[in-house]
Amino acid sequence: MMHTLRVCQARFSTAASSSPLCVRAGPRWRQAVRPFCAGDEDVARAHAFVLERGYSPRVADGIVDALRSPGTGIHAGQVFAAVQGLAGRWEVGEDAGLQALAKSVEQELSEQEGKTMVRFRVQPPDQGEAFECEGFEGMSLKDIAEFGRGRGADVLKEYIECACSGVMACSTCHVYVDEKHFQTAGEPEDAEQDMLELAFEPRETSRLGCQLRLRPDLAGMTVTIPGGANNLFDHIPFE
Amino acid sequence: MWKLTPSAARFAKGLRQYHVAVVGSGPAGFYTSKFLLKKDESMKIDMFERLPTPFGLVRFGVAPDHPEVKNVINDFTAVAAAPNFRFFGNTEIGPEVPLERLRQIYDAVILCSGASGERRLGIPGEDAFGVVGAPAFVKWYNSHPDYQELQFNPPGEAAVVVGQGNVALDVARLLLRSPPDLHATDMDSKAVEAITGWQKAGLRTVHIVGRRGFIQAAFTNAELRELLTTDGLLPVVDPEELALCRNEASEAELKKSRMKQRSLDILQKMVANFSELESTSKRILRFHFLRSPLEVLSTQGALTGIRMSRNQLSGEPGKQQATPADASQNLEVSCGLLVRSVGFDILPMAGLPLSSNRVPHRNGCVESAGPGSAGLYVSGWLKRGPTGIIGSNIGDAKETAEKVWKDLSEQTTKEWSEEPLQAMLSSKGSPVVLFEDWQKLQAEELRRGEAAGKAAVKFAQVPEMLEFLHK
């Protein structure tokens, strides 16, 4: 919960719109929430808006409920406006906090659904010690770098760029996986390998952070961040 | 124990903030700004861009049918939102805003203005009408205001693209893509109309010509692979020519490169297409290896074709050169459009030392920058030379940012006054375009696009942009 609060506050401080919202998406949002009445048009519009932005009904439920829970300062009839504010200039690909809130809701849902927390280690390029890191099964390393918790996630965030928003159109999120867990994770598909070829010093155990998703059998893996996250395309790859 | 950040430490010592000028708003400018702000979030960064629109080649160089590559704009937009960052668009560094003046008022000036020139083939007939450089052609179809006057004759049945990098593949692929596919992208409507017309008038084949073999070619596998699944397009490779590429030294190169082995797999699928050359109803993208253009053929100044040599490779693995074989193996190809895709080039700039077309620098700091109190730095293509993709700027920008930061920490800040900058900006002939103005343009481009069934309809003229913004 504190994490969600921190994430939302961080988002609000950089958002173009200045919204004084302070939102918690934790088990608490399940309590003391007014039931969703069919006649409650403001809430229905907010819910529909979230669905239009591409989120699932469950996440939309969670977002709307979180905004309606006591302590947010959002009064009846203001939920739709609040959601619009969080979405920011979504038409030009920007976001003013909705993504972070959605991610937080997803994580809470994962916890409740009993999804496994997978713990692994992150080895930064220039320091001796590896950090503990964790995320829910199904999260990619990019997800953890952006929305994850703890020191390991912070290290990932510092070192991994994501230039293309996670669609395999660059190799800035390139990492090395330890041999054993690389085998477990399985071969990357063609599209991923095409991008890995352009990464800084690719190895046999290279993966893109946006494609490597956590699974219970990847617990204990060590992910190493390469020395340089640039694509050296101007270097023809043979000597 | 709470550790002071460098910026907090400086404030604690009563020192002022550094002011840095960044010239150019492409990946180099934005990545350098991003890493400078990471090092010192109190640093004031003013970015100057000649055009009203930011992002350089991300906006004007990336192929319209590769929109995902432009996602980096989200990253750059976040940098632009930083409180200590200002964007001054429609502001050229030149007579009205001189570089020397910037060096007087700022603590450091970083040039990220890229490479707007193009390399030529250096062969007879190259100035015939119908021969165009890929940098200009790409900017034409990407709505760059300086390239909208480009004129063409209808190419007839075939066009030739000289060069074997991803830009050459982009040009060839877009010349052959189906009109509905082209229309749906943010490609300039005039260009979509022109290419559609050329296809209707018979344009069926684009030849891509490279002087060395496929193992030395610069194109990468994602772009090569996509040709196999592009609607209505048949990529073909002559099996005999593919075999010619595999001389001993090239085989040695191939063995060491998993990337090139994967290229070979893809090209062999294109070899399988070769037998369909005569029977197919698809448009054809034909690769030629080991061919160099010798002479551009024309009639009354208009392009009719190109004569090419057959090349042989010689030299050590990794350093092979192409040398022409005897003239009996020459090949002539008819075409009405020739696109030269052999590289961009750095253009001279007043106040910038150039030696053999490269800026002499050390870790991004320009050597012998001449008198002027602020350090002069370079980042991006202006620093490395014009090769590489968007991500190539990351390591480069980090290096320049580190160097700037290190040099700044060894000097005191100048006394900053807004007045000299504002005096220059307000007295210049054309109004400044701020980042929030650009965002209005962007929203309008998306709105117009949606109305037209396109990803976006880009503004292609500066006066139009200024009028829309009521400036």
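Worth saying up front: this structure is predicted, and the values here are computed from it rather than measured.

### A short note on the overall build of chain A
Scanning chain A from N- to C-terminus turns up 9 helices and 5 strands. Counting helices and strands in the order they occur from the N terminus, chain A gives α-α-α-α-α-β-β-α-α-β-α-α-β-β. Counting only residues that meet the buried cut, chain A has 51% of its 239 residues in that class. Considering only intrachain contacts with a sequence separation of at least 6, the fraction spanning at least 24 residues in chain A is 67%. In the form shown here, chain A has an accessible surface area of approximately 11,100 Å², with 50% of it arising from carbon and sulfur atoms.

### Here we look at the confidence of the model for chain B
Confidence along chain B averages 93 in pLDDT terms, with 96% of residues attaining 70 or more. ipTM for the predicted complex: 0.82, alongside a pTM of 0.84.

### Examining the sheet that holds strand β3 (residues 174-177) of chain A
All names here are of chain A. The strand order β2-β1-β5-β3-β4 describes an open sheet built from 5 strands, whose pairing is mixed. Strand pairing shows two members of the sheet lacking a second neighbour, β2 (131-136) and β4 (206-208), which therefore form its edges. Strand-to-strand twist across the sheet, computed as the mean angle between neighbouring axes with direction ignored, equals 40°. Pairing geometry for strand β1 (residues 117-123) and strand β5 (residues 222-224), over 3 bridges, is parallel. In the strand pairing of β5, glutamine 123 is matched with threonine 224.

### A word on the confidence of the model for chain A
Residues and elements named next belong to chain A. Looking at chain A, the pLDDT average stands at 77 and 78% of residues meet or exceed 70. Within chain A, β4 carries the highest mean pLDDT (96), whereas helix α1 (residues 2-14) carries the lowest (40). Scored below 50 in pLDDT, residues 1-34 makes 64 contacts in the model with residues more than four places away or belonging to other chains. This stretch, residues 230-239, has a pLDDT under 50; its non-local contacts, to residues over four places away or in other chains, come to 37 contacts.

### Let's talk about the interface of chain B and chain A
In this assembly, 39 residues from chain B lie in contact with 30 residues from chain A. Counting the surface chain B buries against chain A, the share from its top three residues, Met259(B), Arg262(B) and Ile389(B), is 15%. One can count 6 salt bridges joining chain B with chain A. The partner of Glu197(A) in a salt bridge is Arg262(B), and the shortest N-O contact between them spans 2.5 Å.

Rules used in this analysis
- Residues numbered from 1 in each chain as written.
- Chains lettered and ligands numbered in written order.
- Predicted model: local features only at pLDDT ≥ 70, side-chain atom pairs only at ≥ 80, totals over all residues.
- Heavy atoms only, no water.
- Helix = DSSP H or I, 4+ residues; strand = E, 2+ residues; numbered from the N terminus.
- Buried < 20%, exposed > 50% of the residue type's maximum accessible area, 1.4 Å probe, protein only.
- Contact = heavy atoms within 4.5 Å.
- Areas by Shrake-Rupley, 256 points an atom, 1.4 Å probe, with all protein chains shown as cover.
- pLDDT = per-residue confidence, 0-100.
- Pairing = 2+ DSSP bridges.
- Axes fitted to C-alpha atoms, helices over the stretch in contact; angles between N-to-C directions.
- Buried area = accessible area lost by both parts, 1.4 Å probe.
- Salt bridge = Lys/Arg side-chain N within 4 Å of Asp/Glu carboxyl O.

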